[in-house]
Amino acid sequence: MNKQDILTLYQYNQLANAKILNAAINVTQEQFLAPASFPHGGLRGTLVHALFAEWIWRNRWEGTSPTQRWKPDEFPTFESLRTRWLEEEKRLMDIADQLTDVKLNSPFSYRNTSGTPLTDILWHTMAHVVNHGTQHRTEAAAILTDFGHSPGDIDLIYLLDER
């Protein structure tokens, strides 16, 4: 893996997240909080989980391994979540921009939320974050579509075709 490849994945992640967030602007507070049968519940729970994953991995890459998970109640409104997401996105993109090919292909040690020490290749964990986000963006897209606010296509190929 090289820096340009990981930047492409993170630009895709940014674009796909923006499509979800832009569609979610249109939901009511009741829809934002409504339960659903997805693994992390409704729209709020799904989006909080996706953002939490980006946050925790960024922290790990910066040398801190948080052990506490976020709770959906920490984000009472969509706007509170969106504000935090935009802040986190900038930090995540700064990490990606500062990478080198050598660092991407080097071992990276961290602790999971249970405190277990683990070591992986850095780019593996970075690709994992984008892939993980894809799963939960798809769940959010299904919820949003049911509410009448489809985000449209969120596939990687649409980013690549724009280049």
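In this report, the structure presented in the accompanying data block is examined.

Rules behind the numbers
One numbering rule holds for all chains: residues counted from 1, following each sequence as written. The predicted origin of the model limits local features to residues at a pLDDT of at least 70 and limits the giving and counting of side-chain atom pairs to 80 or more, whereas totals for whole chains, interfaces and linings rest on all residues. The basis for every side-chain value is the complete set of non-hydrogen atoms in the structure, without hydrogens or water. Think of it this way: any DSSP run of H or I at least four residues long counts as a helix, any run of E at least two long counts as a strand, and we number them from the N terminus. Radius of gyration here uses only the C-alpha atoms, and the compact-globule reference equals 2.2 Å multiplied by the residue count raised to the power 0.38. Burial status follows relative accessibility: with a 1.4 Å probe on protein chains alone, a residue under 20% of its type maximum counts as buried, one over 50% as exposed, and anything between as partly exposed. We call two residues in contact whenever any of their non-hydrogen atoms come within 4.5 Å of each other. Accessible areas in this description were obtained via Shrake-Rupley with a 1.4 Å probe; residue shielding takes into account the shown protein chains only. The pairing test for Phe, Tyr and Trp rings, Trp by its six-membered ring, is centres within 6.5 Å, and the orientation test on the planes gives stacked under 30 degrees, edge-to-face over 60, and tilted for anything in between. Polar contacts, as counted here, are pairs of nitrogen or oxygen atoms within 3.5 Å of one another; within protein the pair requires one atom able to donate a hydrogen and one able to accept it, and residues that are adjacent in sequence qualify only if both atoms are side-chain atoms. Only strands that DSSP links by at least two bridges are regarded as paired with each other.

Once that is clear, we can look at the overall build of the protein chain. Across its full length, the protein chain holds seven helices and two strands. Against the compact-globule benchmark of 15 Å for 163 residues, the protein chain has a radius of gyration of 16 Å, which places it among compact chains. Here the C-alpha coordinates of the protein chain stretch approximately 45 × 40 × 25 Å along the principal axes. Expressed as a percentage of the 163 residues in the protein chain, the buried residues total 42%. Once local pairs closer than 6 in sequence are excluded, the contacts in the protein chain between residues at least 24 apart make up 71%. Working note: accessible area of the protein chain is about 8,300 Å², and carbon and sulfur atoms make up 52% of it.

Let's shift gears to the packing of aromatic side chains. Tallied over the entire structure, the rule returns eight aromatic pairs. Judged by centre distance (5.0 Å) and plane angle (65°), the ring pair of Trp-57 and Tyr-110 falls under edge-to-face. Of this pair, Trp-57 sits in helix α3 (residues 43–61) while Tyr-110 is found in strand β1 (residues 107–111), placing the two residues 53 residues apart along the sequence. On the basis of relative accessibility, which here comes to 10%, the residue Trp-57 falls in the buried class. Its relative accessible area of 9% is what places Tyr-110 among the buried residues. Ring geometry for Trp-70 and Phe-75: centres 5.5 Å apart, planes at 45°, overall tilted. Residue class for Trp-70 comes out buried when judged on its relative accessible area of 14%. The buried category is assigned to Phe-75, whose relative accessible area is 5%.

Time to look at the side chain of Asn-13. Checked against the element boundaries, Asn-13 lands in helix α1 (residues 3–24). At a separation of 2.8 Å, a polar atom in the side chain of Asn-13 contacts the side chain of Arg-137. Ignoring any residue separated from it by four or fewer positions in sequence, one finds Asn-13 in contact with Glu-54, Leu-92, Val-130 and Arg-137.

What follows concerns the pairing of strand β2 (residues 117–121). Inspection of the sheet shows β1 paired to β2 by five bridges, in the antiparallel sense. Following the sheet pairing, Tyr-110 is matched in β2 by Leu-118. Taken together, β1 and the strand that follows it, β2, pair antiparallel across an intervening segment of five residues, in which Gly-115 is found at a positive phi of about 90°.

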